[in-house]
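# Coordinate inspection notes
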Amino acid sequence: MKTISAELAYFLRGRAKQNLKILWYYSFFLLLLVLVYASLFRYLMLHLEGREYSFIAGVYWAITVMTTLGFGDITFHTDLGYIFAALVTISGVVFLLIILPFGLISLFLAPWIEQRLRYRPGFALPADTSDHVLIFGINPTARALIHNLESLAIPFVVITEDYQESLRLEEEEGIRVACGPVSDKKLLYRIRVASARYIFVNLSDPKNVNLCLMIRAICKTPIAVIANDPEHLDLMHLAGANKVVSLTRILGRYLGIRATTQGALAHIIDSFGRLRIAEIPVNCTPFAGQTLEQAEIRQRTGLAVIGVLERGVFTVPSKDTVLAPSSMVVLAGTREQLTQLEQLTGEQAEDDMIFILGHGKIGCAAAKFLDHIPVPYLLIDQTENQNCDKHISVIGDATNCQLLRKSGIEQAKGLIVTTNDDSTNVFLTLSSRHANPQIRIVARANREENVEQLYAAGADFVVSNASVGANILTNILESKESIFLTEGLTIFRRLLPDTLVGKNIEESRIRQLTGCSVVALEIKGSEPLPSPPPDTRLESGMKLVLIGNPHQEEEFTLKFGNKRGAKS
Ligand code: ADP
Ligand code: ZN
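Conventions used here
- Residues numbered from 1 in each chain as written.
- Chains lettered and ligands numbered in written order.
- Predicted model: local features only at pLDDT ≥ 70, side-chain atom pairs only at ≥ 80, totals over all residues.
- Heavy atoms only, no water.
- Near = heavy atom within 4 Å.
- Polar contact = N/O pair within 3.5 Å; in protein donor to acceptor, adjacent residues only side chain to side chain.
- Nonpolar A, V, L, I, M, F, W, Y, C, P; charged D, E, K, R; others polar.
- Donors = N, O, S within 2.8 Å, 3.2 Å for Na, K, Ca; no water.
- Helix = DSSP H or I, 4+ residues; strand = E, 2+ residues; numbered from the N terminus.
- Buried < 20%, exposed > 50% of the residue type's maximum accessible area, 1.4 Å probe, protein only.
- Phe/Tyr/Trp six-rings, centres within 6.5 Å; stacked < 30°, edge-to-face > 60°.

Another aspect to go through is the site of ligand 1. For ligand 1, the set of nearby residues contains 16 residues, the closest of which are Lys361, Asp381, Asp397, Ala398 and Arg444. Ala398 has a polar backbone atom sitting 2.9 Å from a nitrogen atom of ligand 1. Looking at the shell around ligand 1 residue by residue, the class counts come to two nonpolar, 10 polar and four charged.

Spelled out as structure tokens, the structure:
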């Protein structure tokens, strides 16, 4: 029964569903043809031969002639009648006996057989497969991870217990999937766990533990686990996981850091050797309202300003760019230089005041992070958090503007919007921005597709659960320490393309051609050179550290090839 429903479900999905639509249109066309022939038949019979037939008789005649059955019970006896009958027969042969079966085979039968052949329950990777990534369990975070792996050209296999899901992933997204119970040891051998590069485990906590133990009994391949409950972190380590990630805790910390006006050291986006790339909110620094030239950041700290980020949009500034209070500057330099900058801009944590709307698991984790700094905050939730006995929240519906005003939103400096519903988050962002235009708003997007709406509603930062999780896992894979990435902004490193050898940075036209900017140059054996001047000569073997959005990164790959820099 399950198999029949699975096969039927095939026709309601993806390409088969599209093809079903074409079949509908074609059937409609055939029906129309029969009706037209039936009407013509009646007209010709009446006017040529003086015989009157019903419309049903006309339909009957058209069908028997088109299907070449030709019973011969109703026939024309005039030349024009014969010609008409012959035309109907020929069109019947073409549309019904040739095109229809051909269409059915090519649109339905062939793809179905192909799909059946492709899906083998005993899925096994070739014996010499190595360096692949295995992903156990599929959810939005795993999906975002898959996207990252695809753009990094790293081979991977998804393992799921859900047969329907495995078919869908294979057919619609062309992803390699192994389907089977994760407790099946044979399956682990078939997907070559021992020669894999990394294993990501993203199931329920008991299954995570079980799987880690099973894998450890076979091999030493590194395992990263996403724990659902932060309390279970130790258990997963005991079961043999190399890295255990609690997304709740990380997202809480992420939101907390973003909402405070703390300095650049807390906002390191990426690191290459000693080079750190960090962002700092202009708000609450002495630079607000100044031009880049007036701010003299490089002269005072040695840091290079590589970009300005405003509401998710990254631009490369000129010396006359005014640093708006709502923007962030993206800086490149050493840890020491960042410390120096913090001394210039340092805000006192206790002057801060953060509102947290939503005291669920993530809101609670954000509050715990702020407890740690410590920064004063106020939690608002419509219900009591049963799992938290540490925090006291104001109980009420945060969409009630009166409640926000009474609680003092107009005096708050930061705001974390973290309910589990994106439309509520959009509403809260908009109403809080209206109540306090200066406030720094960090909003959580439960679904990737709502990121833009939250920015449009006035959020300064939008944190998407899935992409934060995926970026953390990608960093684990690439042995990078950084866990702080900005939505829509990527820093990536490429070996200097051969076509650019001998040119200087200005002549390379990288920015004009791809939109990416060169943040730093890595020259073999020495530390990265941040923000190289435009006349720096590019030489063979150098590595470029570039910044851009994911689209611009793709553009770079398209224009200059896919030579990734080796890991440091
Ligand atoms: P997570 O654990 O991922 O943070 P939860 O569903 O546990 O997600 O948390 C969302 C929290 O947001 C819940 O505690 C819920 O009561 C709260 N919430 C949802 N809508 C509102 C609202 N309009 N006003 C106040 N709190 C809200
Ligand atoms: Zn709490």
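On we go from here.
In this structure, His359 (NE2), Cys364 (SG), Cys388 (SG) and His391 (ND1) serve as the protein donors to the zinc ion (ligand 2), at separations of 2.1 to 2.3 Å. All donors of the zinc ion (ligand 2) belong to a single chain; written as a sequence motif, their spacing is H-x4-C-x23-C-x2-H. With His359 in the loop between β12 (354-357) and α14 (361-372) and His391 in the loop between β13 (377-381) and β14 (394-395), this residue pair connects regions lying 32 residues apart in the sequence. The exposure classification of His359 matches that of His391, with both residues buried.

Within the structure shown, the criterion is met by 12 aromatic pairs. With a centroid separation of 5.9 Å and 40 degrees between ring planes, the pair formed by Tyr26 and Phe29 is classed as tilted. One end of the pair is Tyr26 and the other is Phe29, both in helix α2 (residues 14-49) and three residues apart, which spans about a single turn. The exposure class assigned to Tyr26 is buried, which follows from its relative accessible area of 17%. According to the relative accessible area criterion, Phe29 is partly exposed, its value standing at 31%. A ring pair is formed by Phe41 and Phe76, whose centres lie 5.8 Å apart and whose planes are at 75 degrees; its orientation type is edge-to-face. Here Phe41, found in helix α2, pairs with Phe76, found in the loop between α3 (55-66) and α4 (79-118); they are 35 residues apart in sequence, far enough to count as distant. Accessibility assignment for this pair places Phe41 and Phe76 in one class, buried. Following the ring pairs from residue to residue traces out a cluster consisting of Tyr37, Phe41, Tyr53, Trp61, Phe76 and Phe84.

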